[in-house]
Amino acid sequence: MSHHQAAQALLTRFNVPAIDLALVLGSGWAGASAGLGETIGECELADLPGFAKPVVAGHGGSLRLIRTATGKVAALFNGRTHFYEGRGTGPVVHGVRTAAAAGASMIVLTNGCGGLNPDWAPGTPVLIRDHINLTGATPLEGATFIDLTQAYSPRLRALAHEVDPTLPEGVYVQFRGPQYETPAEVKMAKILGGDLVGMSTTLETIAAREAGLEVLGISLVTNLGAGISPTPLEHAEVIEAGKAAEPRLRSLLGGLLERL
Ligand code: 8IG
């Protein structure tokens, strides 16, 4: 179980007895995490057991430990391993399991995604209320019957709403990727009850719930889903939307950490 080794390596390296929570920073979120607390230390994820180097530009690959204003130790994962990389679900959820093994009781999973609601302009953060996992995969092995009725913690969503009462909520639909959806697939996601389309988070949430972590999921809509927007999707637009949303995301994360 390399997540136990990774947790031990993390705690030893940064000389802390445990961490309290973790944040996974997805596309567009890295800049929002600057100045969230006092840095305890930083390292490459690849320097810890079981982590591989992420491959996508803008996806990072580092870990920063901070002490928040309320004295909590938070592990900020900048970058994640995606299921579409084809290495299976183990590497995808390694960070989540490492965080839990290092003592975390909560995890904030962020991502950049496509929006299905035309009212959500690129740059709008949306709380994940529930998810639909269309990957056909799971990080769970054997007869592991994990309840997902309230996978995305109502308590943490209420705290996020204290910080920003205008935050919309939505259902996140994970496709395998790496290609973006066709317009027909976007329409299907909408008919199925989805509001957001992306390529991460649901497998991490499943692993987090298995590990007993409270989960808060926040999506940054960086583009409208294919066929909703008149223009083709480009990775550059994703990066731009993230930059423009930075101040709002930073105060959201900051306000959240003050309440945890
Ligand atoms: I950023 O439109 C980002 N990630 N599946 N669809 C999917 N993933 C995404 C999208 C999108 N935008």
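Structure's up top.
What comes next is a walk through the structure. Computed from a predicted model, the values in this text were never measured in an experiment. (Residues numbered from 1 in each chain as written. Predicted model: local features only at pLDDT ≥ 70, side-chain atom pairs only at ≥ 80, totals over all residues. Heavy atoms only, no water.)

## Some remarks on the overall build of the protein chain
Each helix and strand in the protein chain was counted, giving seven helices and nine strands. Over its C-alpha atoms the protein chain spans a radius of gyration of 17 Å, differing by no more than 12% from the 18 Å that the globule rule assigns to 260 residues. In terms of principal-axis extent, the alpha carbons of the protein chain reach across some 50 × 40 × 35 Å. Across the 260 residues in the protein chain, those meeting the buried criterion constitute 55%. A separation threshold of at least 6 residues defines the contact pool for the protein chain, and within that pool the share at least 24 residues apart is 81%. (Helix = DSSP H or I, 4+ residues; strand = E, 2+ residues; numbered from the N terminus. Rg over C-alpha atoms; globule rule 2.2 N^0.38 Å. Buried < 20%, exposed > 50% of the residue type's maximum accessible area, 1.4 Å probe, protein only. Contact = heavy atoms within 4.5 Å.)

## Observations regarding the environment of L127
Looking at where L127 falls in the secondary structure, it is placed in strand β6 (residues 124-133). With sequence-adjacent residues up to four places away left out, L127 is seen in contact with R157, A160, H161, L167, P168, E169, G170, L216, G217 and I218.

## Regarding the pairing of strand β3 (residues 62-67)
Within β3, five of the six residues are buried, which leaves the element mostly enclosed by the surrounding structure. Where strand β2 (residues 38-44) lies against β3, six bridges are found, and the strand directions are antiparallel. Each bridged residue has a counterpart across the sheet, and for G41 the counterpart in β3 is L65. From the end of β3 to the start of strand β4 (residues 73-78), which pair antiparallel, there are five residues, and G71 there has a positive phi angle of about 90°. (Pairing = 2+ DSSP bridges.)

## As for helix α4 (residues 154-163)
Of the residues making up α4, those classed as buried are L156, R157, L159 and A160. Down the axis of α4, the sector holding all buried residues measures 155°, keeping them to one side. Taking the backbone nitrogen of R155 as reference, a side-chain oxygen 3.2 Å away marks S153 as the first, capping residue of α4. (Arc of directions from axis to C-beta. Polar contact = N/O pair within 3.5 Å; in protein donor to acceptor, adjacent residues only side chain to side chain.)

## What about the nonpolar core?
Counting residues in hydrophobic clusters, the biggest one holds 42 residues, and the most contacted among them are L10, I19, L63, L65, F77, I107 and L196. The contact partners of L65, leaving out residues within four places of it in the chain, are L10, F14, V16, I19, E38, T39, I40, G41, V73, A74 and A75. Ranked by size, the runner-up nonpolar core spans 26 residues in total, among them A32, L76, L156 and A160. (Core = buried A, V, L, I, M, F, W, Y, C linked by side-chain atoms within 4.5 Å.)

## Remarks on unusual backbone geometry
P178 follows G177 through a cis peptide bond whose omega is 0°. Within the secondary structure, P178 is located in the loop between β7 (169-174) and α5 (183-191). The residue N15 is not glycine, and still its phi comes out positive at about 55°. Position of N15 relative to the elements: it lies in the loop between α1 (2-14) and β1 (21-25). According to the relative accessible area criterion, N15 is exposed, its value standing at 69%. If you check the backbone angles, T201 has positive phi at about 75° while not being a glycine. Here T201 shows up in the loop between β8 (196-198) and α6 (202-210).

## Things to note about the site of the ligand
Around the ligand, 12 residues are found, and the nearest of them are G114, E181, G198, T222 and N223. Here a nitrogen atom of the ligand and a side-chain polar atom of E181 are 2.4 Å apart. Between the ligand and the protein, one listed contact pairs a nitrogen atom with a side-chain N or O atom of N223 at 2.8 Å. Isolated, the ligand exposes 330 Å² of accessible area, and the fraction of that covered by the protein chains is 95%. Put simply, the parts of the chain that give the shell around the ligand at least two residues each are β5 (106-115), β8 and β9 (214-224). It is β5 that contributes the most residues to the shell around the ligand, three residues altogether. Split by residue class, the shell around the ligand holds six nonpolar, five polar and one charged. (Near = heavy atom within 4 Å. Areas by Shrake-Rupley, 256 points an atom, 1.4 Å probe, with all protein chains shown as cover. Nonpolar A, V, L, I, M, F, W, Y, C, P; charged D, E, K, R; others polar.)

## Some details on the side chain of T205
As for its placement among the helices and strands, T205 is situated in helix α6. By relative accessible area, which is 0% here, T205 ends up buried. Setting aside chain neighbours within four positions, we find T205 in contact with L109, H131, A151, Y152 and V215.

## Some details on the environment of T166
Topologically, T166 is positioned in the loop between α4 and β7. In the structure, T166 is positioned 57 residues away from N223 in sequence and 19 Å away in space, judged by C-alpha atoms. Polar contacts involving the side chain of T166 include one to the side chain of D164, which spans 2.6 Å. Here R248 takes part through its side chain, which lies 3.2 Å from a polar atom of the side chain of T166.

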